[in-house]
Amino acid sequence: MLFQPGPLSVLPSFGFLFDIDGVLVRGRTPIPAARTAFRKLVNSQGQFLVPVVFVTNAGDCLRQKKADQLSHLLGVPISQDQVMMSHSPLRMFKSYHEKCVLVSGQGPLLDIAQDLGFCQPITIDTLREKRPLLDAVDHDRRPNILSPSAVELPKIEAVVLFGEPVRWETSLQLIIDVLLTSGYPGNPYGHENYPHIPVLACNMDLMWVAEAQSPRFGHGTFMVCLENIYKKITGKDLKYEALMGKPSRLTYQYAEHLIRAQALQRSWEQPIQTLYAVGDNLMTDVYGANLYNRYLEESSRTGSKARLQAKASAGRAPALLSQAHEAGLSWEKELAPAAAARCRSVLVCTGVYSPHGEVALPTRDSITENVFHGHRDFTFDPGLVEPDHVVPDVDAAVDLVFQLENFAPH
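Sequence order sets the numbering: in each chain, residues are counted from 1 along the sequence as written. It should be noted that, the model being predicted, local features are given only for residues of pLDDT at least 70 and side-chain atom pairs only at 80 or more, the latter also being counted only at that level, while totals for whole chains, interfaces and linings use all residues. The side-chain values count all of the structure's non-hydrogen atoms but skip hydrogen atoms and water molecules.

For the protein chain, the name recorded in an unreviewed UniProt entry is Haloacid dehalogenase-like hydrolase domain-containing 5, with Chloebia gouldiae as its organism. The UniProt entry for the protein chain carries this comment under Sequence similarities (unreviewed entry): "Belongs to the HAD-like hydrolase superfamily." UniProt positions are given in the numbering used here, feature names are shortened, and annotations may be inferred rather than shown by experiment.

Written out as structure tokens, the structure is:
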């Protein structure tokens, strides 16, 4: 069917959701097409011509730092309000902000936690200092004097996983200690402590791409370790109060909220109807965009977003929350309802997915034979990993969208 252009539009009725790793950069190395693409997205004053949000599963820095990095990388001014880290939706989980929470990951963890609203965060390193007998894998780091610590700690009421830590054995040990003692690490394990205290996790990526020729372990790999250790010890499944970062519905709804805020700030009165999610990973970017599109379509038909939450992943666990914690949907009160009509997935070939790799682009017939790299709580659906469009790079993605939308900003 031939493409039939309609009337040209100068005001956007669409927005971009750009992944970063594998789309704009590989590790610290810029992808050449990125600067070319972004020159098309701004006017001569450096103002964006369409609403743009950078949706990354990274969680090791503050939004402002990532905005500064992107500004330098792309040669256009990026504000922190255009950046969505995997942990950004935690701003809406206000019921945890006054509680003592254990935070895991790397980077300026306390700064990140406090910026999100947490008043009493405690890091893995701090917990290790207060309870030195707990970290015993590395013999060189064991304390010389084997006496129990008398330092008082408040009860830890939740665990927040920002991203992959550096010393996995330490983080795995101390998180398990917290879960099996109901927030009093150093006490004897109590197997009756189930369900365990809440766990909120950001970034489920099993792998990501840097400068190496093959994908590297991501936070999803750390989560697989934690889940399996917990189950091996207790015989029960580790449960999550919330999973955020792509491909969760929460992440895309929050990103849409940021897109609409930009349009409002620029006084673009035309409603944003279509979101274009540009990414390099079938199991996160494509899966998440298609899952959100299914949610939007079903919502427009039924008018009920709550009912679709259970349908979205078509299986044993909802797309965001574990089965035991439906009450966690209180975050929805913090967001306006989704308003876009559709979310289109655009796959680029500069990152995790490569058309020249050993694994071909999956089809409905072939995908069931492949290994599912998504998170345990997301049921595999072959239809959700079929991209709407496949393009060589981000520059081609921008050209494609401008053509599809008949967009002529100049």
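Read on for the rest.
1. Topic: the nonpolar core
The biggest cluster of nonpolar side chains holds 41 residues, and the ones touching the most others in it are Leu17, Leu90 and Phe162. It is helix α7 (residues 249–265) that provides the largest number of residues to this core, a total of 7 residues. Residue ranges labeled as domains rest on an automatic or database domain assignment. When residues of this core are sorted by domain, at least three fall in each of domain 1 (14–86 + 249–305 + 333–405) and domain 2 (89–243). Only heavy atoms matter for contacts: two residues are in contact if any of them lie within 4.5 Å across the pair. Here Leu90 is in contact with His97, Leu116, Phe118, Val160, Phe162, Leu200, Cys202 and Met244, once residues within four sequence places are set aside. We define the nonpolar core as a collection of buried residues of types Ala, Val, Leu, Ile, Met, Phe, Trp, Tyr and Cys that are connected through side-chain atoms lying within 4.5 Å of one another. Three labels apply to residues, based on accessible area from a 1.4 Å probe with only protein chains included: buried if under 20% of the type maximum, exposed if over 50%, partly exposed otherwise in between. Counting 40 residues, the second-largest nonpolar core is a separate cluster that includes Leu41, Val42, Val52 and Val76. The secondary structure listing takes helices from DSSP runs of H or I that are at least 4 residues long and strands from runs of E that are at least 2 residues long, numbered from the N terminus.

2. Side note on the side chain of Thr350
Note that Thr350 resides in the loop between β14 (342–348) and β15 (389–391). Other than its neighbours up to four places away in sequence, Thr350 contacts Gly22, Val23, Arg26, Ile31, Pro392 and Asp393.

3. Looking at the sheet that holds strand β8 (residues 158–161)
Sheet strands pair via backbone hydrogen bonds, and the direction of the pair is either parallel or antiparallel. Between any two strands, pairing holds if DSSP finds at least two bridges. Reading across from one edge, β7-β6-β8-β9-β12 is the order of the 5 strands in this open sheet, with parallel pairing throughout. Two strands bound the open sheet, and with one partner strand each, they are β7 (120–123) and β12 (242–244). Averaged over all pairs of adjacent strands, the angle between strand axes in this sheet comes to 20 degrees, irrespective of strand direction. Bridge count between strand β6 (residues 100–104) and β7: 4 bridges; the pairing is parallel. In the strand pairing of β7, Cys100 is matched with Gln120. As a rule, the C-alpha atoms of each element are fitted with a line to give its axis, helices using only the stretch in contact, and angles between N-to-C directions run from 0 to 180 degrees.

4. What to know about the pairing of β8
Burial along β8 is two-sided: Ala158 and Val160 and Val159 and Leu161, pointing in opposite directions, are all buried. Pairing between β8 and strand β9 (residues 199–202): 3 bridges, direction parallel. In the strand pairing of β9, Val159 is matched with Val199. Handedness of the crossover joining β8 and β9 through helix α5 (residues 168–180): right-handed. Crossover handedness is defined by viewing with both strands directed away from the observer: a clockwise path from the first strand over the helix to the second marks the crossover as right-handed.

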